[in-house]
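Here are the chains, one letter per residue:
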Amino acid sequence: MSLTRYGYANAINGFFEFPTENARRVLPSGMEPVEVHHGSSVLAVTVFHFDESEVGEYGEVVYAVLVPPFVEDGRLPKGAFYPYQVATTTKAARQHAMERWHLPHWMDDVETELEPSADGKSLTARAKAEGTLALEMTITDHSWDEVSHLYQSFQQDDDGKYMCNILFEGEKSEHEEETGRIKLHDHPFNKGIMISEVFEQPFREMWMRKGHQLFDPLRTL
Amino acid sequence: MEPARKRVADRQAFAEYDYSNFYYGAGDDPLNLLKPFANWYKDARPNGYYLYQEALGSAPSTHVRVRNGKTKQWQDLLNLASYNYLGISYRPEVKRAAAEALEKYGLGASGSPILSGTFEIHEQFEDELARFKDKESCILFPTGYSANVGFISALMRPGDTIFLDQYSHASIVDGAILAKSKTVFFRHNNPMDLERKMARAQGKKLVVVEGVYSMDGDICALPEVLEVSKRHGARMLIDEAHSTFLFGPKGRGVAEHFGLDKEVDFHLGTFSKSLGGQGGFVCGTQELADYVVAFSRSRFFSCNLSPVLTAGLRAALQIASEEPELRARLWSNCAFLRRRFEEEGVDIGNSNSQVMPVMVNNDAKVFAVAEKIQNRGLFLNPVTYPAVPKHRSRLRISVSAAHSEEDLDQAVGIIAGVLREEGICP
């Protein structure tokens, strides 16, 4: 079976603590969040700039909750997530992801930008939906390694439950220096999140560049 | 931007994972993480994790015999790992008191403190400890862990809110879990973040802090945190596991050090650090003690402290009370070590106590550094993620009053030499 490849120039990700009760509200029944502390789960916000894919170049914003990975023989995933909202800058990218991966989408095009700081040590993502700013997130860098990391994504819709192995390969900086920041605006795009309960500083920041995601074929659970 | 400096193949496979990767796993079999963990640990152990749980073959004094976890050979090492901050555990008076109690009472208490396990010696020790802490009453617990778990869950209920520093000890977190209260973490030693979190809370509130934080060795910002807590109507518990018998004019702890002994509502401590024994305690009013005795399940449903241990602890408390020069010696040693580290360019973070983290800040190298240091004659503990944040790996040092300056100078020489070889310090 063939893999699906998405090449990215940059992707930044922040892990933000938010209440487990909030995490449970955005997860489907039967799925439990991973807790970083008792009562605190993880909102993972990722902004991608894909520069190579079956549907061309596009930007993507993913809101996900960390969940336990599925354990089976073979390589152990580094982690797993349940994306509960995905937004793209193009209709083609959105339709492709909905059909192939059953990902839940914001149904309009969004505008994304990734702006580096003058010293190149941080990247700020901004996402506009319906013409107004919904999200600003800054992620800082640390040391860069060439990595190959396996993650899992769980999806669920009216048709069924799914799981997909995703290999992230490329350059990656990861740290817990608490130097990044997120600003979630009061916007329909952020529905489901109790904004005031989300930590403004990520406890973990990841910046990936010059890499790709390799998706295994979707598995029905 | 810095270029990526390693290739995937350069790293050992075990280093891609850590304990946190084996905690959660979806599926139907409760044992499904055992095999992946075993496969990982098979590689991780010889590559550094063997440095945990190495067996000692002597008293935890300034020099110890340690069985190397990799070679299984005994090594005679300078000890900077034990919590024996005042060097009391092996004092002749302590050993003699324990030996006499063993002869009189036999080995254990043979009962819960609430039923048949309370001996006269326990009551004597509680009274002596209450006097030392200048409190009405004191209750003993079998361990420090059970003191936090038992006290917090005795007092707090579902619907209440417990505010914890993000670096809180596991026993505090587990106490909050057992209480089933809402748990809110605030940024480490950050009263402004606590202020933000408390502004939204309703109902009964408890703030828990530690006198000295055990991974960073920094002391609590007590005046500021207490001010926020009081303004929001919260009660405060201070866990002085690493600070009782050390800080303050009388050695009562960090609360006394700040002159806030009477302002903090609940005082908790342990006997496993400065007294070199085992067990925990909570001090406060008699009303508090009576209530906690009735509702603290970790105490109620455990065997009481052994009378043998209790006798040793009484002797240890007497030494700690009557020999303030031990504390003076400890702080002199800490000042000496801090100065020597500074001279050598060794980073010890924000430590301002007898717990000093030698910052390696390199998760990939921390075990190799610790291994070299041990093989050059020094016993200390590596600490890495998830016990501390990523890239904040360190070697944790516990200074003792029993160390000589020669001991400490030797330790600095070994540590600085290895850190230089590994390119970690200038």
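Keep in mind that this is a model prediction, so the values were computed, not measured.

Definitions and cut-offs
- Residues numbered from 1 in each chain as written.
- Chains lettered and ligands numbered in written order.
- Predicted model: local features only at pLDDT ≥ 70, side-chain atom pairs only at ≥ 80, totals over all residues.
- Helix = DSSP H or I, 4+ residues; strand = E, 2+ residues; numbered from the N terminus.
- Rg over C-alpha atoms; globule rule 2.2 N^0.38 Å.
- Buried ≥ 20, exposed ≤ 12 C-beta atoms within 10 Å, placed from the backbone.
- Contact = placed C-beta atoms within 7 Å.
- Nonpolar A, V, L, I, M, F, W, Y, C, P; charged D, E, K, R; others polar.
- pLDDT = per-residue confidence, 0-100.
- Core = buried A, V, L, I, M, F, W, Y, C linked by C-beta atoms within 7 Å.
- Domains from an automatic or database assignment.
- Pairing = 2+ DSSP bridges.
- Axes fitted to C-alpha atoms, helices over the stretch in contact; angles between N-to-C directions.
- Left-handed = near helix turned anticlockwise from the far one by under 90°.
- Expected span 1.5 Å × (residues − 1).
- Arc of directions from axis to C-beta.

Participant: An account of the overall build of chain B is needed here, citing residue identities and associated values.
Facilitator: When helices and strands are counted, chain B shows 14 helices and 13 strands. Against the globule reference of 22 Å for 426 residues, chain B gives a C-alpha radius of gyration of 22 Å, in line with a compact fold. Taking the principal axes of its C-alpha atoms as reference, chain B extends roughly 60 × 55 × 45 Å. Looking at the 426 residues of chain B, the share that counts as buried comes to 48%. Of the contacts made within chain B by residues no fewer than 6 positions apart, 70% connect residues no fewer than 24 positions apart.

Participant: A description of the interface of chain A and chain B should follow, citing residues and the corresponding values.
Facilitator: Of the residues lining the interface, 24 residues belong to chain A; the matching set on chain B comes to 26 residues. Counting only elements with at least two residues in the side of chain A that touches chain B, the list comes to β9 (144–157) and β10 (160–175) of chain A. No other element matches β9(A), which puts five residues into the side of chain A that touches chain B. When its residues are assigned to classes, the side of chain A that touches chain B shows eight nonpolar, nine polar and seven charged.

Participant: Can you lay out the confidence of the model for chain B for me, pointing to particular residues and giving the numbers?
Facilitator: Mean pLDDT for chain B: 95, with 97% of residues reaching 70 or above. Scored by ipTM, the complex comes to 0.85, with pTM at 0.92.

Participant: Could you give me a rundown of helix α5 (residues 170–179) of chain B, with the residues and numbers involved?
Facilitator: Structurally, the α-helix is built with 3.6 residues per turn, so residues lying three or four positions apart point the same way. When we look at burial in α5(B), the residues that qualify are Ser171(B), Ile172(B), Val173(B), Gly175(B), Ala176(B) and Ala179(B). Residues of α5(B) that are buried sit in contact with β2 (35–37) of chain A together with α4 (144–155), β4 (161–165), β5 (182–186), β6 (205–210) and β7 (235–239) of chain B. Taken from the residues just after α5(B), Lys180(B) is the one with a positive phi, measuring 60°.

Participant: Would you mind going over the environment of Ala9(A) in detail, with residue names and values included?
Facilitator: Residues and elements named next belong to chain A. By the secondary structure assignment, Ala9 is in strand β1 (residues 4–19). The exposure class of Ala9 is partly exposed, given the 16 C-beta atoms found within 10 Å. Linking Ala9 and His212, residues 203 residues apart in sequence, is a C-alpha distance of 8.5 Å. Discounting residues that sit within four places of it in the chain, Ala9 has contacts with His49, Asp51, Arg209 and Lys210.

Participant: Quick one: what's the story with unusual backbone geometry, residue by residue and with numbers?
Facilitator: All names here are of chain B. Looking along the chain, the bond that leaves Tyr385 and enters Pro386 is cis, with omega of 10°. If you check the backbone angles, Lys180 has positive phi at about 60° while not being a glycine. Along the chain, the position of Lys180 falls in the loop between α5 and β5. We classify Lys180 as partly exposed; it has 13 C-beta atoms within 10 Å. Here His391, not a glycine, exhibits a phi torsion of approximately 65°, which is positive.

Participant: I'd love a proper account of the nonpolar core, names of residues and values included.
Facilitator: All names here are of chain B. The biggest cluster of nonpolar side chains holds 115 residues, and the ones touching the most others in it are Ile152, Ile162, Phe163, Phe281, Val282, Val358 and Ile415. For this core, the element with the highest residue contribution is helix α11 (residues 307–322), accounting for eight residues. Two domains share this core, each providing at least three of its residues, namely domain 1 (48–79 + 325–421) and domain 2 (92–322). Sequence-distant contacts of Ile162, defined by excluding residues within four places in its chain, comprise Ile152, Met156, Ala176, Ala179, Ser181, Thr183, Leu206 and Val208.

Participant: Quick rundown of the sheet that holds strand β10 (residues 355–359) of chain B? Include the residues and the values.
Facilitator: Residues and elements named next belong to chain B. Taken in spatial order, the three strands line up as β10-β13-β12 in an open sheet, and their pairing is antiparallel. Of all strands in the sheet, those with a lone pairing partner are β10 and β12 (381–383), marking the two edges. The sheet shows a mean angle of 35° between the axes of neighbouring strands, direction not considered. Judged from the three bridges that link them, β12 and strand β13 (residues 394–398) form a sheet pairing that is antiparallel. Looking across to β13, one finds that Asn381 is bridged to Arg396.

Participant: Break down the pairing of β10(A) for me, citing the residues and quoting the values.
Facilitator: A regular strand places its side chains so that they alternate between the two faces of the sheet. All names here are of chain A. Here β9 runs beside β10; their pairing, made up of 14 bridges, is antiparallel. Its bridge partner lying in β10, Asp157 is registered against Gly160. Between β9 and β10, which follow one another and run antiparallel, lie two residues. Of the pairings in the sheet, the one linking β10 to strand β13 (residues 219–220) comprises two bridges and is antiparallel in character. The partner of Met163 across the bridge, within β13, is Arg219. Summarising the sheet, β10 and strand β12 (residues 204–215) pair through nine bridges and their orientation is antiparallel. By the bridge assignment for β12, Glu174 is matched with Met206.

Participant: Could you give me a rundown of the packing of α4(B) against α5(B), with the residues and numbers involved?
Facilitator: Residues and elements named next belong to chain B. At a closest axis distance of 8 Å, the pairing of α4 and α5 adopts a crossing angle of 35°. The two elements α4 and α5 cross, and the hand of that crossing is right-handed. Contacts between α4 and α5 pair Gly144, Tyr145, Asn148, Val149, Phe151, Ile152 and Ser153 from the former with Ser171, Ile172, Asp174, Gly175, Ala176, Leu178 and Ala179 from the latter. Considering only residue class, the contact of α4 with α5 consists of eight nonpolar, five polar and one charged.

Participant: Any chance you could break down the environment of Glu205(A) for me, citing the residues and the numbers?
Facilitator: Residue and element names in this part refer to chain A. Its location among the elements puts Glu205 in strand β12. C-alpha of Glu205 to C-alpha of Arg75: the two residues are 130 residues apart in sequence and 24 Å apart in space. If we skip the residues at most four places from it in the chain, Glu205 touches Gly14, Ile139, Thr140, His175 and Gly180.

Participant: Account for helix α3 (residues 120–133) of chain B, naming residues and giving values.
Facilitator: Residue and element names in this part refer to chain B. Its 14 residues give α3 an end-to-end C-alpha distance of 20 Å, which sits within 8% of 20 Å, the value for a rise of 1.5 Å per residue. The set of residues buried in α3 consists of Ile121, His122, Phe125, Leu129 and Lys133. Taken around the axis of α3, the buried residues stretch over an arc of 100°, which confines them to a single face. The exposed residues of α3 that point more than 90 degrees off its buried face are Glu120, Glu123, Asp127 and Arg131. Check the buried side of α3 and you find it contacts α2 (92–105), β3 (137–141), β8 (266–270), β9 (280–284) and α11. Two residues or fewer past α3, Asp134 is found with a positive phi of approximately 60°.

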